[in-house]
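Here's the letter readout for the chains.
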Amino acid sequence: AVFPQACTLAHVNKIKIALNFLKKNKKILLLLQLPQIDDEGKKAMIADFISYFALPEELSTTLFLLIQHNRAFFIPHVLAWIIQLYKKQTNSMEFKIKSSHALSDQQIENIKRFLSKKLNKNIISTSLVDLSLIAGLRLESNKYLWEYSVRKQIQELQKLEK
């Protein structure tokens, strides 16, 4: 289990933020491997990283072990695997819920309930407003796509003209 008592959906969301940060700032991983920085300095850097992103403390040991063995470049991969393992353990799937206008919390919950029932999964969602939809809804995961919008209807009509 991935930090079974400590890793929650809130932690997974924070791990995603930290992962995106590391993907955009790859030079930080090189800094963690500099021989001029002693183990105590590296432990302090890890502690600051974990504190800044409010990550589970249990990650400290794993991150330090990777750094000690000059494998800091694996940290983003490890964080991504933790996210994947969490989703597997909780039978969860991520969806982006895009709409042409802001949805209420109740509408989002109804959509999540619909997806959960159809897929037999717990749904982790991110809600976004996409004005290009004109009017409608787009539900998107890494495996599924469902769209009902004026934009899609226009695209379908354009295909018929060709």
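Residues numbered from 1 in each chain as written. Predicted model: local features only at pLDDT ≥ 70, side-chain atom pairs only at ≥ 80, totals over all residues. Heavy atoms only, no water.

Caption draft 1: Structural view of the pairing of strand β4 (residues 145–149). Judged from the five bridges that link them, strand β3 (residues 136–140) and β4 form a sheet pairing that is antiparallel. Paired with Glu-140 across the bridge in β4 is Leu-145. Remark: four residues form the turn of the hairpin made by β3 and β4, two consecutive strands paired antiparallel. (Pairing = 2+ DSSP bridges. Helix = DSSP H or I, 4+ residues; strand = E, 2+ residues; numbered from the N terminus.)

Caption draft 2: How the structure looks around the pattern of salt bridges. For the structure on display, the rule yields seven salt bridges. Note that Lys-87 is salt-bridged to Glu-94, the shortest N-O span being 2.7 Å. (Salt bridge = Lys/Arg side-chain N within 4 Å of Asp/Glu carboxyl O.)

Caption draft 3: Unusual backbone geometry, seen in detail. One non-glycine residue with positive phi stands out, namely Ala-54, at about 55°. Positionally, Ala-54 belongs in the loop between α3 (39–53) and α4 (59–68). A relative accessible area of 33% places Ala-54 in the partly exposed class. If you check the backbone angles, Asn-70 has positive phi at about 50° while not being a glycine. Here Asn-70 falls in the partly exposed class, since its relative accessible area comes to 41%. (Buried < 20%, exposed > 50% of the residue type's maximum accessible area, 1.4 Å probe, protein only.)

Caption draft 4: Geometry of the packing of aromatic side chains. Scanning all chains against the criterion turns up four aromatic pairs. Between the aromatic rings of Phe-21 and Phe-53, the centroid separation amounts to 5.3 Å while the plane-to-plane angle is 50°, which identifies the pairing as tilted. In this pair, Phe-21 is assigned in helix α1 (residues 9–24) and Phe-53 in helix α3, connecting sequence segments 32 residues apart. Seen in terms of ring centroids, Tyr-52 and Phe-53 are 4.9 Å apart; in terms of plane orientation they differ by 85°. Their pairing is edge-to-face. The side chain of Lys-43 reaches across the aromatic face of Phe-64, ending 5.0 Å from its centre. (Phe/Tyr/Trp six-rings, centres within 6.5 Å; stacked < 30°, edge-to-face > 60°. Lys NZ or Arg CZ within 6 Å of the ring centre and 35° of its normal.)

Caption draft 5: Examining the sheet that holds strand β1 (residues 92–99) more closely. Within the open sheet, the four strands sit side by side as β2-β1-β3-β4. Their pairing is mixed. Of all the strands in the sheet, just β2 (122–129) and β4 have a single pairing partner and so form its edges. The sheet shows a mean angle of 15° between the axes of neighbouring strands, direction not considered. With eight bridges connecting them, β1 and β2 associate as parallel partners. From the neighbouring strand, Ser-99 faces β2, where its bridge partner is Val-129. Sitting on the sheet, helix α7 (residues 150–161) touches β3 and β4, and the angle it makes with β4 is about 90°. (Axes fitted to C-alpha atoms, helices over the stretch in contact; angles between N-to-C directions. Contact = heavy atoms within 4.5 Å.)

Caption draft 6: Broad picture of the packing of α1 against helix α5 (residues 75–89). Running from N to C, α1 and α5 cross one another at 155°; their axes reach a closest spacing of 10 Å. Taken together, the axes of α1 and α5 lie roughly antiparallel to each other. You can see that α1 and α5 cross each other, and the crossing is left-handed. Between α1 and α5, the residues in contact are Leu-9, Val-12, Ile-15, Lys-16, Leu-19 and Leu-22 and Ile-75, Pro-76, Leu-79, Ala-80, Ile-82, Ile-83 and Tyr-86, respectively. A breakdown of the residues in the contact of α1 with α5 according to their chemical character gives 12 nonpolar, no polar and one charged. (Parallel < 35°, antiparallel > 145°, perpendicular 65-115°, else oblique. Left-handed = near helix turned anticlockwise from the far one by under 90°. Nonpolar A, V, L, I, M, F, W, Y, C, P; charged D, E, K, R; others polar.)

Caption draft 7: Layout of the pairing of β3. Looking at chain direction, β1 and β3 are connected through four bridges and run antiparallel. Within β3, the position partnered with Ile-97 by the bridge is Leu-139.

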